[in-house]
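One letter stands for each residue in the lines below.
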4 protein chains.
Amino acid sequence: MNRGRPRSEEARQAILKTALEMCMRDGYPQLTIKALADEAGVGRQTVYRWWDEKSAIVVEALIDLRERELPERFQETGDTLVDVEQLLATTYELTHEYTGKALVGLMADAQSDAGLSDRLQETVIGPRRDALRDILGHGVETGQLRENVPLPLVVDFAFGTMWYRMLSRHAPVDRELARDITDAIAIMLAV
Amino acid sequence: MNRGRPRSEEARQAILKTALEMCMRDGYPQLTIKALADEAGVGRQTVYRWWDEKSAIVVEALIDLRERELPERFQETGDTLVDVEQLLATTYELTHEYTGKALVGLMADAQSDAGLSDRLQETVIGPRRDALRDILGHGVETGQLRENVPLPLVVDFAFGTMWYRMLSRHAPVDRELARDITDAIAIMLAV
Amino acid sequence: MNRGRPRSEEARQAILKTALEMCMRDGYPQLTIKALADEAGVGRQTVYRWWDEKSAIVVEALIDLRERELPERFQETGDTLVDVEQLLATTYELTHEYTGKALVGLMADAQSDAGLSDRLQETVIGPRRDALRDILGHGVETGQLRENVPLPLVVDFAFGTMWYRMLSRHAPVDRELARDITDAIAIMLAV
Amino acid sequence: MNRGRPRSEEARQAILKTALEMCMRDGYPQLTIKALADEAGVGRQTVYRWWDEKSAIVVEALIDLRERELPERFQETGDTLVDVEQLLATTYELTHEYTGKALVGLMADAQSDAGLSDRLQETVIGPRRDALRDILGHGVETGQLRENVPLPLVVDFAFGTMWYRMLSRHAPVDRELARDITDAIAIMLAV
DNA sequence: CCGTAATCGAGACGGTACGTCAAGTCTTATA
DNA sequence: TATAAGACTTGACGTACCGTCTCGATTACGG
């Protein structure tokens, strides 16, 4: 049976919230477990008891954030190009403002951590790709877009540009980019 | 007038070579100054004398590699689409095989290091973009490609997809991608 | 209220014991924090957490030793000359055999460290001087020694000779010296 | 035959002078070869070419100083007690003001360097002892002092007190001490 | 309502890499 | 050949964080 003191939800929230804040403020590499525990007002052991490594903390924090933020920002309309632009605008904004540094750090860590790579694929990369692809696929089905175009490459275009700009900062990641990409997709997929 | 013992070119080469090797083998975060010095058979102080931080070492190593490898792999033909595919194929291969992990690590570090970000822009990101844009621009000038298409976005497409795939590993970065991207560009820029 | 994991008395003892051993064996200058930590089987940080500098470690080790060794070796008899000789013999032996190199090193360090100088005065030099002076003073009070002799200079004689010989090694510091010095004091202070 | 550039006497003097200055100013342990060479405006190799270790430099500097200073400060009179006091006063002053820190440092180093210990005995400790002993011996011969007193112990008294006070700083080493010690010797050796 | 047991914050533990400093050696051009 | 300059390898310095441990104090549940 359940015995002993139950896990403190308060501590969990404080850790996740502080982790994201520190990522945004100082950058992912500067987020250390020690600093995180201190700033969250939590014992270091409490962190290690529930998470193996700092990437796991940040991933969980990102999922929590997504579940809170995405639904209330994005509603499909059925008009493919409108939905695409809306999805991209929402994704770009959320990623750029709140989770950019954290995600780049996670991706970098994943380069030498296959498990983390898979987890990111399942929880962050994949769902986003699926969402965009579903919209585009629906557009093809309803005749709004033409067939015989490799949709994965179109998805790569939309998200690849975002990542590329976030990494190299040669151009902004904003609402205007969402429109430009949508326009380009419209041309490529014009019936 | 007296200039003292000259810098050891041997040590410099050993450090740069070892740095790239360790990046490829173990990953950028696992490349520590101590391990690098030990494996290069060099005093730790010799590393610190010439470079401020490990990112500077890796950047210099990448530049050296590029100067050695790029010229002998890529020759322009004048046929825009051929040149584009050749440039992308060469860039994809070199980046994916030799410098991928190093570049991802550098980009991640650059998220919280403006100086490094600028240096990467000047030495790695910018030149690549310029090379592709020049080829595309020449294609427009010679009438091989149509006008009125935002070339920067096309460049984002080509390199963004590469970065996106290198980061998330959802699809390969290879010669086939170079052909697919070139095909897509051909469609977007068909006269 | 919560005080965390308590300090490890085991580690403390290992550090102090090893410090004295290394001083005796290798000499005070050769006692490095790193070597001390390694030989004591202790993390380096554990040393730095509790002591500012190596002199502080050695001083504490000397105090601990003195508290263990002195009481069981020296008991006053009331006969001034006997007590003097016994105190000197004990001090000479303990100093020469166990703590000589350590004390000389500390004294040398104290030349450019006023704080250390004061601490040595309080914990090592002063108490020794007081002990001898008390015995001599008692001898004067009880009429065993004559008055009107500057006792501090007599104390300087007894301990100065010890230090001088320990430093320059031109003659031994042993039981015979204790007798010779006591004889000389007997002549100087004969009633 | 002699070939090549001759040794620079200028450099030698600069090194010895600077070594003593730095000892007095910063203390013997703070005198590093690097800092010495820099402050003397001399190449580091020039130091290592002529001296094995820093103690050798300081010993040579002390000998040079003694040869310059002692003769012009001390002239024997034939009156034993006057000569004793004059010798002690001169020695105390010179040692305390100019060479104290250097000598303490050397003595400390000599604790784990038998060669240095011997060299100090020959060049610094021994000659001083001999000088005082000669004066006392002459006093005995001429009947100014009584026989049957162990002169070495008297010498230990005079110089031991000086060292003891220099080390522990519990009392000054000055002209007054020279008089007090001379008075005590006068009592001990009264005919 | 009392004991058992898992949690909590705190902080010491043995490690490892950091970036700095000086050691003693070497290699250059100049004198 | 000696010199000033300064790069070389080496190793200790003192610091920061790692991941583990041990403490008293805090909460739940089951007997």
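Owing to the predicted nature of the structure, the values given are computational and were not obtained by experimental measurement.

### Focus on the interface of chain D and chain C
Then, number 1: Contacts between the two partners involve 36 residues from chain D and, on the opposite side, 35 residues from chain C.
Then, number 2: Across the chain D-chain C interface, the total number found is two salt bridges.
Then, number 3: Two residues, R165 of chain C and D156 of chain D, come together in a salt bridge whose shortest N-O distance is 2.7 Å.
Then, number 4: Inspection of the region where chain D meets chain C yields 18 residue pairs in polar contact (both at pLDDT 80 or more).
Then, number 5: Residue assignment for the side of chain D that touches chain C shows that the elements contributing at least two residues are helix 5 (80–110), helix 6 (114–141), helix 7 (151–168) and helix 8 (175–188) of chain D.
Then, number 6: Here the side of chain D that touches chain C gets 13 residues from one element, more than from any other, and that element is helix 7 of chain D.
Then, number 7: Considered class by class, the residues forming the side of chain D that touches chain C number 19 nonpolar, nine polar and eight charged.

### Overview of the protein's contact with DNA strand F
Then, number 1: Every one of the 47 residues lining DNA strand F counts as a neighbour, but Q45 of chain A, T46 and R49 of chain B, Y48 of chain C together with R49 of chain D are closest to it.
Then, number 2: Between S8 of chain B and DNA strand F, the recorded distance is 3.2 Å, taken from a backbone N or O atom to a phosphate oxygen.
Then, number 3: With respect to DNA strand F, the backbone of G43 of chain D contributes an N or O atom lying 2.9 Å from a phosphate oxygen.
Then, number 4: Elements supplying a minimum of two residues to the surface near DNA strand F: helix 2 (33–40) and helix 3 (44–50) of chain A, helix 3 (44–50) of chain B, helix 2 (33–40) and helix 3 (44–50) of chain C together with helix 3 (44–50) of chain D.

### Quick look at the relation of the copies chain D and chain C
Then, number 1: For the pair chain D and chain C, the relating rotation is 180 degrees, the translation along its axis is 0.0 Å, and the fit reaches an RMSD of 0.2 Å. Such values leave the two copies arranged in the relation of a two-fold axis. Minimal C-alpha separation from the rotation axis in chain D is found for G160 of chain D, amounting to 2.1 Å.
Then, number 2: In this assembly, 97% of the residues forming the interface of chain D have copies in chain C that are likewise at the interface, indicating an isologous arrangement.

### Points about the packing of helix 4 (residues 54–73) of chain B against helix 6 (residues 114–141) of chain B
Residues and elements named next belong to chain B.
Then, number 1: Their axes nearest at 11 Å, the elements helix 4 and helix 6 cross at an angle of 15 degrees. With respect to each other, helix 4 and helix 6 are oriented roughly parallel. Like other packed secondary-structure pairs, helix 4 and helix 6 cross with a definite hand, here left-handed. Residues S55, A56, V59, I63 and R66 of helix 4 pack against L116, R119, L120, T123 and R128 of helix 6.
Then, number 2: Partitioned by chemical class, the residues of the contact of helix 4 with helix 6 number five nonpolar, two polar and three charged.

### A few points about the protein's contact with DNA strand E
Then, number 1: Taken together, 44 residues are adjacent to DNA strand E, and T46 and R49 of chain A, Q45 of chain B, R49 of chain C together with Q45 of chain D come closest.
Then, number 2: Counting only atoms of DNA strand E within 4 Å of the protein, the fraction found in sugar and phosphate groups is 64%.
Then, number 3: Residue R5 of chain A places a side-chain N or O atom 3.1 Å away from a base oxygen belonging to DNA strand E.
Then, number 4: G43 of chain C places a main-chain nitrogen or oxygen 3.2 Å from a phosphate oxygen of DNA strand E.
Then, number 5: When residues of the surface near DNA strand E are traced back to their parent elements, those giving at least two are helix 3 of chain A, helix 2 (33–40) and helix 3 of chain B, helix 3 of chain C together with helix 2 (33–40) and helix 3 of chain D.
Then, number 6: It is helix 3 of chain C that provides the largest number of residues to the surface near DNA strand E, a total of five residues.
Then, number 7: A per-class count over the surface near DNA strand E returns nine nonpolar, 18 polar and 17 charged.

### A closer look at the packing of aromatic side chains
Then, number 1: Counting across every chain of the model gives six aromatic pairs over all chains.
Then, number 2: For the ring pair F159 of chain A and Y164 of chain B, a centre distance of 6.3 Å and an interplane angle of 65 degrees mean the geometry is edge-to-face. In this pair, F159 of chain A sits in helix 7 (residues 151–168) while Y164 of chain B sits in helix 7 (residues 151–168), so the two residues belong to two different chains.
Then, number 3: Its relative accessible area of 2% is what places F159 of chain A among the buried residues.

### Re the side chain of R128 of chain A
Residues and elements named next belong to chain A.
Then, number 1: Inspection of the secondary structure assignment puts R128 in helix 6 (residues 114–141).
Then, number 2: Buried charge without a partner: R128 forms no salt bridge, and the closest opposite charge is D130, 11 Å away.
Then, number 3: Leaving out residues up to four positions away in the same chain, R128 has contacts with R66, T91, T95, L103, F159, M162 and W163.

### Topic: the relation of the copies chain A and chain B
For the pair of chain copies, the relating operation is a rotation around an axis with a shift along it.
Then, number 1: The two copies are related by a screw operation: chain A maps onto chain B through 180 degrees of rotation and 0.0 Å of translation along the axis, at an RMSD of 0.2 Å.
Then, number 2: By residue overlap, the copies meet face to face through one surface: 97% of the interface positions of chain A are interface positions in chain B.

### Looking at the interface of chain A and chain B
Then, number 1: Contact with chain A, which involves 36 residues of that partner, is made by 35 residues of chain B.
Then, number 2: Carbon and sulfur atoms make up 63% of the area that chain A and chain B hide from each other, which totals about 3100 Å².
Then, number 3: Three residues stand out in chain A for area buried against chain B, namely Q111, Y164 and L167 of chain A, and they jointly supply 24% of the buried area on that side.
Then, number 4: Summed over the shared surface of chain A and chain B, the result is two salt bridges.
Then, number 5: Summed over the shared surface of chain A and chain B, the result is 18 residue pairs in polar contact (both at pLDDT 80 or more).
Then, number 6: Going through the elements one at a time, helix 5 (80–110), helix 6, helix 7 and helix 8 (175–188) of chain A are the ones with two or more residues in the side of chain A that touches chain B.
Then, number 7: Among the elements that line the side of chain A that touches chain B, the one with the most residues is helix 7 of chain A, at 13 residues.
Then, number 8: Residue composition of the side of chain A that touches chain B, by class: 19 nonpolar, nine polar and eight charged.

### With respect to the confidence of the model for chain A
Then, number 1: In this model, chain A carries an average pLDDT of 94, and 99% of its residues clear a pLDDT of 70 or more.
Then, number 2: Of all secondary-structure elements in chain A, the lowest mean pLDDT belongs to helix 4 (residues 54–73) of chain A, at 91, while helix 2 of chain A reaches the highest, 98.

### Things to note about unusual backbone geometry
Trans peptide bonds make up most of the peptide bonds, and negative phi angles are found at most residues other than glycine.
Then, number 1: The backbone of R169 of chain A shows a phi angle near 60 degrees, a positive value even though the residue is not glycine.
Then, number 2: Relative to the helices and strands, R169 of chain A is located in the loop between helix 7 and helix 8.
Then, number 3: Take R169 of chain A: its relative accessible area is 42%, and that puts it in the partly exposed class.
Then, number 4: Phi is positive for N148 of chain C, close to 65 degrees, though the residue is something other than glycine.
Then, number 5: Inspection of the secondary structure assignment puts N148 of chain C in the loop between helix 6 (114–141) and helix 7 (151–168).
Then, number 6: Taking relative accessible area as the criterion, N148 of chain C reaches 78% and is therefore assigned exposed.

### Quick word on the environment of D183 of chain A
Then, number 1: Along the polypeptide, D183 of chain A turns up in helix 8.
Then, number 2: Along the primary structure D183 of chain A and W50 of chain A are separated by 133 residues, whereas in three dimensions their C-alpha atoms are 45 Å apart.

### Brief notes about the pattern of salt bridges
Then, number 1: All told, the structure shown has 40 salt bridges over all chains when counted by the stated rule.
Then, number 2: Here the residues in one salt-bridge network are E9, R12, E60 and D64 of chain A, joined through shared partners.

### A closer look at helix 8 of chain D
Then, number 1: Taking 1.5 Å of rise per residue, the 14 residues of helix 8 of chain D would be expected to cover 20 Å, and the 20 Å separating its terminal C-alpha atoms lies within 8% of that figure.
Then, number 2: Within the sequence span of helix 8 of chain D, burial applies to L177, A178, I181, T182, A184, I185 and M188 of chain D. An end-on view of helix 8 of chain D places all buried positions within 160 degrees of arc, on one side of the element. Turned more than 90 degrees away from the buried face of helix 8 of chain D, the exposed residues are R175 and I187 of chain D.
Then, number 3: On the buried face of helix 8 of chain D, the contacting elements are helix 7 and helix 8 (175–188) of chain C together with helix 5, helix 6 and helix 7 of chain D.

About the criteria used
Residues numbered from 1 in each chain as written. Chains lettered and ligands numbered in written order. Predicted model: local features only at pLDDT ≥ 70, side-chain atom pairs only at ≥ 80, totals over all residues. Heavy atoms only, no water. Contact = heavy atoms within 4.5 Å. Salt bridge = Lys/Arg side-chain N within 4 Å of Asp/Glu carboxyl O. Polar contact = N/O pair within 3.5 Å; in protein donor to acceptor, adjacent residues only side chain to side chain. Helix = DSSP H or I, 4+ residues; strand = E, 2+ residues; numbered from the N terminus. Nonpolar A, V, L, I, M, F, W, Y, C, P; charged D, E, K, R; others polar. Near = heavy atom within 4 Å. Least-squares fit on C-alpha atoms with pLDDT ≥ 70 in both. Axes fitted to C-alpha atoms, helices over the stretch in contact; angles between N-to-C directions. Parallel < 35°, antiparallel > 145°, perpendicular 65-115°, else oblique. Left-handed = near helix turned anticlockwise from the far one by under 90°. Phe/Tyr/Trp six-rings, centres within 6.5 Å; stacked < 30°, edge-to-face > 60°. Buried < 20%, exposed > 50% of the residue type's maximum accessible area, 1.4 Å probe, protein only. Lys, Arg positive; Asp, Glu negative; His and termini not counted. Buried area = accessible area lost by both parts, 1.4 Å probe. pLDDT = per-residue confidence, 0-100. Expected span 1.5 Å × (residues − 1). Arc of directions from axis to C-beta.

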